[in-house]
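Spelled out from the first residue to the last, the chains are:
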Number of protein chains: 2
Amino acid sequence: MRAEVIAVGTELLLGQIENSNAAVIGEALARAGVDCVRHTAVGDNEERIAAAISEAIERVEVVVITGGLGPTQDDVTREAIARAAARPLRRDELVAAGIRARFERFGRAMPEMNLRQADVPEGGAVIDNPIGTAPGLLVEHRGRLIWALPGVPSEMRRMLEESVIPDLTRRARGATIVSRVVRVAGMSESAVAEALGPLWVRAPKATTIAFLAGGGEVRVRITTKALGETPASGALDDAEAGVRAALGAAVVGVGDETLERAVGRLLGERGWSLGCAESLTGGLIGGRMTTVPGASGYFRGSIVAYSAAMKGEALGVDPALLQRPVSAEVAEAMARGARSRIGCDVGLAATGVAGPAEQSAPVGTVFLAVDGPRGGRVREVRLPGERETVRALAVAAALNLLRLYLMEEI
Amino acid sequence: MRAEVIAVGTELLLGQIENSNAAVIGEALARAGVDCVRHTAVGDNEERIAAAISEAIERVEVVVITGGLGPTQDDVTREAIARAAARPLRRDELVAAGIRARFERFGRAMPEMNLRQADVPEGGAVIDNPIGTAPGLLVEHRGRLIWALPGVPSEMRRMLEESVIPDLTRRARGATIVSRVVRVAGMSESAVAEALGPLWVRAPKATTIAFLAGGGEVRVRITTKALGETPASGALDDAEAGVRAALGAAVVGVGDETLERAVGRLLGERGWSLGCAESLTGGLIGGRMTTVPGASGYFRGSIVAYSAAMKGEALGVDPALLQRPVSAEVAEAMARGARSRIGCDVGLAATGVAGPAEQSAPVGTVFLAVDGPRGGRVREVRLPGERETVRALAVAAALNLLRLYLMEEI
């Protein structure tokens, strides 16, 4: 069974609000095993909404509309459905009585336009709205299902979960779409894609792989469709094992196992504490390590030595070395300094040129060093992009160096 | 001129990410005076992307596509445009050479698939991507403009603002829509709206004011429409003067004058250097100060003392005070410690409870302190939200405290 989502509202087209309802509905449809093939947003215009509905029911079996069910003149989703399904609107007297009773209960006069919410395309069913005034609609037209839900996110969600999804799950019987994200560090998107190429070719047709790169990591999303949760999760396990075999230690973890969480877990397992010495990153390595609740169990602190003087005084870097502040030797001395001055088991250091101006080295040149019970390691990396990109990539590269050190991969 | 936006990515349909790019493009098109009539999201499927493009160019003059321009097998927007415009893809050798050079510069082997990013539908133009690898495209087909931008939000935004909007504005001619953002700190969105209420009522009809809150600041966007740049910019000047008069020292600056830039400018004017002492923020205050190129002119560094021991040893906070690490006294001692240990003119400190677990104080309790030539100041703030929100708000509140200190407002 395939579906499309249509969100109604001029404010969406103007970018005044994001179309978060479409994402919520898309996620719920996937859970129900319904293939969502398109999202559309249109303005509060009866003709354009009707056109979008007519096009959608040519392509798919299920259309879920959100928005345009309110009482005011600009709410025209009811009229648009009636037009697309070529049938008149009829006032549902039971719904109308409910709306009248609601106003009486709150002792307010009812503006007549509220009764528009009782209008239903002929043959359609009304979906009760337990937390708002706008009822939803279900119209079956030429074997297609047209659902209309309110645009208010909380009301939409409730009707989606209590009416639409149970109904579609019954109709779809069985098929489940699930996905899992594998996080990879230290490889470019294209290198990951190349390494996984053979896997992509061999994978069962119901399993797909997609890549999303950013912030110094590549997220590999495995998606599969199967009859039932158990086979679906088995297919994901198989695909994840294939990805891990192909990428080895570059795999950081799955789901929300980020670099900082992986590093925190590895430090915890060894009972080691961490301190950082930062230059070009200005504090962002510590800032990222401490996004994890409970980081105080292994993270002691950082010495951010942005000036050469502070590299010498606070970290004990030999002034002779500071002639070339962006160098492997300075990174190593900073890591050792972090370890001794902070009094921790492992020191992690970064020095480099973030730009925009070149210093003693070209923009993007970064030296990273770790010092700890397993000795010292230092790496030079060349990072692309503008100042903030270079800094974010330097943070990720530093954490990944530490991760590989803790895993005894380097 | 009318437009549609097409966002490409299966992750959008599955609701794994929200379609924020469509909102950004919609907002920019509106600013350029272009009527956006539909947003569509489709998956990474060449046939379906091509169908969406073919339908859109039947309806409107301009189609802006985002996503699907990466180097991997699932990036098929180039192929879809070629199919919709019924023309073959040709490899642009200049772009290909640029991609090869980029990999050589960073000393990495180039997976062959990267050259797919140099493929251009015949007759199309390449749009330079200054901050990423995926170039954009512009194809003119039967009098319609088909723009394709990367899906990475920062790259998309840059190409949108530097290429698409200027071009469309030129084509649209006539009415100029301009806007200016006034940044405000230390006030809630509703307090700003209330203070500006009278201004809003008095403003000429062509001038509108909108508020956007986030990250500890409120951005007041003034938008005006006029025939020609000079009257438009005069109307903006008038409105800005009104906002400044109503909000006083809470105004940080206009445009890209962020808190960290304002602080940097004020430090520079006084010839004072800065050092930070951070606890709950883990390094993020220094990280934010150093987003500004040239920050080394006034920023010396930070001591991030996440553990109590490090607050004592590295910052010299009296161990007796550390019985209550989240307190005004500890914040003051940290600011003094930053000043003396880093050897700078001004010390800025933050200590508090980011959550999720309560410590000696409720989640969101934060103490901020400044110490400098004008003496010491300390403030307690109660910040709302979850861990990362509390930390981001603490960074903004600390920088704003320092800003007001430097302006001699406190």
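Residues numbered from 1 in each chain as written. Chains lettered and ligands numbered in written order. Predicted model: local features only at pLDDT ≥ 70, side-chain atom pairs only at ≥ 80, totals over all residues.

A.B. asks: Looking at this model, I keep getting lost on the sheet that holds strand 15 (residues 346-352) of chain B. Mind explaining?
C.D. replies: Sheets are built from strands paired through backbone hydrogen bonds, the pairs being either parallel or antiparallel. The ten strands are arranged 17(A)-16(A)-15(A)-13(A)-14(A)-14(B)-13(B)-15(B)-16(B)-17(B) in an open sheet whose pairing can be described as mixed. The open sheet is flanked by strand 17 (375-382) of chain A together with strand 17 (375-382) of chain B, the only strands paired with a single partner. Averaged over all neighbouring strand pairs, the angle between strand axes comes to 15°, with direction disregarded. With six bridges connecting them, strand 15 (residues 346-352) of chain A and strand 16 (residues 365-372) of chain A associate as antiparallel partners. Note that in strand 16 of chain A the partner of L348 of chain A across the bridge is V370 of chain A. Helix 14 (residues 387-406) of chain B rests against strand 15, strand 16 (365-372) and strand 17 of chain B of the sheet, and its axis sits at about 30° to strand 16 of chain B. (Pairing = 2+ DSSP bridges. Helix = DSSP H or I, 4+ residues; strand = E, 2+ residues; numbered from the N terminus. Axes fitted to C-alpha atoms, helices over the stretch in contact; angles between N-to-C directions. Contact = placed C-beta atoms within 7 Å.)

A.B. asks: I keep staring at helix 14 (residues 387-406) of chain A and nothing clicks. Help me out?
C.D. replies: Because the α-helix completes a turn every 3.6 residues, residues three or four places apart line up on one side. End to end, helix 14 of chain A covers 29 Å across 20 residues, agreeing with the expected 28 Å (1.5 Å per residue, within 8%). Backbone geometry just after helix 14 of chain A places E408 of chain A at a positive phi near 60°. (Expected span 1.5 Å × (residues − 1).)

A.B. asks: When you look at the domain arrangement of chain A in this model, what are you seeing that I'm missing?
C.D. replies: Where the parts come together, the accessible area they lose is often given as the size of the interface. Partitioning chain A into domains gives domain 1 (2-172), domain 2 (176-254) and domain 3 (259-406). Here the C-alpha centre of domain 3 of chain A lies 53 Å away from the C-alpha centre of domain 1 of chain A. (Domains from an automatic or database assignment.)

A.B. asks: I would appreciate a short explanation of the interface of chain A and chain B in the present structure.
C.D. replies: Each partner contributes to the interface: chain A provides 67 residues, whereas chain B provides 64 residues. The set of elements that each furnish at least two residues to the side of chain A that touches chain B consists of helix 1 (10-13), helix 2 (20-31), strand 2 (35-42), helix 7 (189-195), strand 10 (207-214), helix 11 (284-289), strand 14 (299-305) and helix 14 of chain A. When its residues are assigned to classes, the side of chain A that touches chain B shows 31 nonpolar, 23 polar and 13 charged. Where strand 2 of chain A lies against strand 2 (residues 35-42) of chain B, five bridges are found, and the strand directions are antiparallel. Bridge pairing links H39 of chain A to A41 of chain B in strand 2 of chain B. (Nonpolar A, V, L, I, M, F, W, Y, C, P; charged D, E, K, R; others polar.)

A.B. asks: Can you walk me through the packing of helix 10 (residues 259-270) of chain B against helix 14 of chain B in this structure?
C.D. replies: Packed helices, taken two at a time, are described by the angle between their axes plus the distance between the axes. Residues and elements named next belong to chain B. Orientation of helix 10 relative to helix 14, taken along the N-to-C sense of each, is 30°, at an axis distance of 9 Å. Between helix 10 and helix 14, the interaxial angle falls into the category roughly parallel. Read as a crossing pair, helix 10 and helix 14 show a hand that is left-handed. Within the contact between the two elements, helix 10 uses L259, E260, A262, V263, L266, L267 and R270 and helix 14 uses A396, L399, N400, L402, R403 and L406. Looking at the contact of helix 10 with helix 14 residue by residue, the class counts come to nine nonpolar, one polar and three charged. (Parallel < 35°, antiparallel > 145°, perpendicular 65-115°, else oblique. Left-handed = near helix turned anticlockwise from the far one by under 90°.)

A.B. asks: Got a minute to help me understand the confidence of the model for chain A in this structure?
C.D. replies: Residues shown with low pLDDT carry predicted positions that ought not to be read at fine detail. Residues at a pLDDT of 70 or more form 98% of chain A, whose mean pLDDT is 91. Here the complex is predicted with pTM 0.75, and the ipTM for its interfaces comes to 0.76. (pLDDT = per-residue confidence, 0-100.)

A.B. asks: Whenever I open this one, unusual backbone geometry confuses me. Can you help?
C.D. replies: Glycine aside, residues mostly have negative phi, and peptide bonds are mostly found in the trans state. Residue and element names in this part refer to chain A. Geometrically, the link from G355 to P356 is a cis peptide bond, its omega value of 5° lying close to zero. Relative to the helices and strands, P356 resides in the loop between strand 15 and strand 16. Positioned with a positive phi, A86 is a non-glycine residue whose angle comes to about 50°. Looking at the secondary structure, you find A86 in the loop between helix 4 (77-84) and strand 4 (89-91). A86 sits in the exposed class, given 12 other C-beta atoms within 10 Å. Residue R142 is not a glycine yet carries a positive backbone phi of 50°. (Buried ≥ 20, exposed ≤ 12 C-beta atoms within 10 Å, placed from the backbone.)

A.B. asks: I'm lost on the pairing of strand 2 of chain A in this one. Help?
C.D. replies: For a regular strand, side-chain orientation follows a simple rule: the groups alternate between the two sheet faces. All names here are of chain A. The buried fraction of strand 2 amounts to six of the eight residues, a majority that puts the element mostly inside the structure. Relative to strand 2, strand 1 (residues 2-8) runs parallel, the two being bridged by seven bridges. From the neighbouring strand, A7 faces strand 2, where its bridge partner is A41.

A.B. asks: What's the story with the sheet that holds strand 1 (residues 2-8) of chain B in this structure? I'm lost.
C.D. replies: What the twelve strands build is an open sheet, ordered 6(A)-7(A)-8(A)-3(A)-1(A)-2(A)-2(B)-1(B)-3(B)-8(B)-7(B)-6(B); its pairing is mixed. Of all strands in the sheet, those with a lone pairing partner are strand 6 (125-127) of chain A together with strand 6 (125-127) of chain B, marking the two edges. For this sheet, the mean angle separating the axes of adjacent strands, direction not counted, is 20°. Relative to strand 1 of chain A, helix 2 of chain A is tilted by about 165°, and along the sheet it contacts strand 1, strand 2 and strand 3 (62-66) of chain A. Of the strands in this sheet, strand 1, strand 2, strand 3, strand 7 (136-141) and strand 8 (144-149) of chain A together with strand 2 of chain B are in contact with helix 3 (residues 46-59) of chain A, which crosses strand 1 of chain A at around 175°.

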